[in-house]
Every structure is written in C-alpha cells, then in structure tokens.
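Coordinate inspection notes
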Amino acid sequence: MLQLHYFPGNASLIVHLVLEEIGAPFALKLIDRAKVAHKSAEYLALNPNGLIPVLVDDAASGASPLVLYETTAIVMHLADTHPAAGLLPALGTPDRAQAYKWLAWLTNTMHAALIVYFYPERWADDAAGAAVVKAHAETKIGAMLDQLDAQLARHGGPWLLGPTFTLADSYAFVLCRWTRGFGRPARTLVHLKPWLDRMLARSAVQRAFATERLVEPFV
C-alpha cells in the first residue's frame, strides 16, 4: 500500500490531493512538525533533507519499498503508475510538455518564492531585513498569481492546462492556498478565483480537507 508521510496543510497536501484523485488505497502517517518529528533520526532515514512529504510505495517492483521525496517526483510517479486517472497528458505530446513546464515552474519558481515569504529570516540578518525580504517576496508572488490568472484567461478552459484536470491543478491550488493571508484578496483575480472555487468543489479536495481538518474558503 502507498503511505504518505504528511503534515496538515504542508506541501504534502499536494500529494494527498493527488492520492484522492487517483483513488488507490493509501495510508497517512502524521509527521508532527510541532514536535520536530521531521528532524528525527527515523524520518531523516527516509528523507535526509528533513522535509515533508515522503511517499513509501511498497507495491513498486524491487526487493524493498520505493521511498520518494520531492513533491513533484512523487506526484509524477503516482500519475505514471495510475494512468487511468488521466492526471498527465499522453507521453510525447505537446500537452505533456506543457504539463512538465508548469510543474517545473510551480516547483522552481512559485514554490521557491513562497519559501522565501514564509522564512524570510533565512535571507536577512535582523527582523527589519526579514520584513523587507518578506514584502519583496509577496510582490513577486503576486505577479505569479497574475501569471496563473493570465494562463486561465488565455485558453478559457476550466483547468490550468485547458479542458482537462492535471497534476498542475493540484500543485497550483495548494500554492495559491498559501497566499490567502496576502493583502490582495483572491476575488481580484478574475479567472483564478472561479478556478479556486472549482477546485474546492472537487470531491478529492473535500475529502483531503476533511481528513486534514483544513478550513476554507479563500477570501
């Protein structure tokens, strides 16, 4: 069975959403950040970076279970091993290339900028400097929300890549959720706000939110 090491609302929520979408049996194992469980020797044996999530797939071929970290690697593995869920376009197609592009952008650009926003002290020497770093990060991420809004406007479809729901929707949704404390409300994003509403209406999202006891809506 698949086992997801998670913490509520963390990046592991992206994987949790995908697991709910594919419908395969899985188990959740709470890694309590409040107790620094992600830095324990047991967890570091799974992910030496001490970051959440980790997926353990004991159904994978091999003598021992497959242990994966890095969110994008995990969700792409799940899409590849559960093709019937249709969470990635066909291999070798332009649509598949677009999915790769957006997953890379979400990981390397938007997710990375959100890390700066939430942990500005890592890039500053004092509280004043951290406040400046955080403000700059929020401005950058605001432009990224505009980019997502423009993508939805460009093709007019219901999902990030157009007519079909993909991994990119799950990933982008969680990152957008992390911006709900920004000064700019989601309702000012004409195309992004309806997309967020469509995401919240998905049964997979509702099941994951109920399990993790997450409260919405976006403003």
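This section reports on the structure supplied with the text. (Residues numbered from 1 in each chain as written. Predicted model: local features only at pLDDT ≥ 70, side-chain atom pairs only at ≥ 80, totals over all residues. Heavy atoms only, no water.)

Quick look at the overall build of the protein chain
Just so we agree on the cut-off: Runs of E in the DSSP output that reach at least two residues are strands. Runs of H or I that reach at least four are helices, and both are numbered from the N terminus. As a reference, a globule follows 2.2 Å times the number of residues to the power 0.38, and the radius of gyration itself is taken over C-alpha atoms. Here's how the labels work: a residue is buried when its accessible area is under 20% of the maximum for its type, exposed when over 50%, partly exposed in between, all with a 1.4 Å probe on protein chains only. Two residues form a contact once any of their heavy atoms are found within 4.5 Å. Here the positive residues are Lys and Arg and the negative ones are Asp and Glu; neither His nor the chain ends is included. Charge positions come from single atoms, namely NZ of Lys, CZ of Arg, CG of Asp or CD of Glu.
Counting secondary structure elements, the protein chain contains eight helices and four strands. Its helices and strands taken in sequence order, the protein chain reads β-α-β-α-β-β-α-α-α-α-α-α from the N to the C terminus. Its C-alpha atoms give the protein chain a radius of gyration of 18 Å, near enough to 17 Å, the size a compact globule of 219 residues would have. For the protein chain, the spread of C-alpha atoms along the three principal axes comes to 50 × 45 × 30 Å. In the protein chain, which comprises 219 residues, the proportion classed as buried is 47%. Looking at the protein chain alone, contacts between residues at least 24 apart form 62% of all its contacts between residues at least 6 apart. A gap of 4 Å separates the mean positions of the 19 positive and 19 negative side-chain charges of the protein chain.

As for the nonpolar core
Counted only if it meets this: Nonpolar cores are built from buried Ala, Val, Leu, Ile, Met, Phe, Trp, Tyr and Cys residues. Side-chain atoms within 4.5 Å join them into one set.
Judged by nonpolar contacts, the single largest core of 58 residues is most densely connected at Leu78, Met110, Phe173 and Trp195. Every element with two or more residues in this core is listed here: strand E1 (2-6), helix H1 (12-22), helix H3 (71-81), helix H4 (94-118), helix H5 (127-155), helix H6 (167-177), helix H7 (192-201) and helix H8 (203-212). For this core, the element with the highest residue contribution is H4, accounting for nine residues. Of all hydrophobic cores here, the second largest spans five residues; its members include Tyr43, Ile52, Val54 and Val56.

Some remarks on the packing of aromatic side chains
In plain terms, the rule: Two rings from Phe, Tyr or Trp (for Trp, the six-membered ring) form a pair when their centres sit within 6.5 Å of each other. Planes less than 30 degrees apart are called stacked, planes more than 60 degrees apart edge-to-face, and all others tilted. Charge-over-ring contacts are defined here by two conditions on Lys NZ or Arg CZ: a distance within 6 Å of the ring centre and an angle within 35 degrees of the ring normal.
For the coordinates displayed, the defined rule picks out six aromatic pairs. On the numbers, 5.0 Å between centres and 80° between planes, the contact of tyrosine 117 with phenylalanine 118 is edge-to-face. A centroid spacing of 4.7 Å and a plane angle of 50° characterise the contact between tyrosine 117 and phenylalanine 182, whose relative ring orientation is tilted. Remark: phenylalanine 182 occurs in the loop between H6 and H7 and tyrosine 117 occurs in helix H4; sequence separation between them is 65 residues. Per residue, the accessibility class of tyrosine 117 equals that of phenylalanine 182, and both read buried. Among the aromatic side chains, those forming a connected cluster through ring pairs are Tyr117, Phe118, Trp178 and Phe182. Arginine 122 extends its terminal NZ or CZ atom over the ring of tyrosine 119, reaching a point 4.1 Å from the ring centre. Taking NZ or CZ as reference, arginine 202 lies 5.0 Å from the ring centre of tryptophan 159, over its face.

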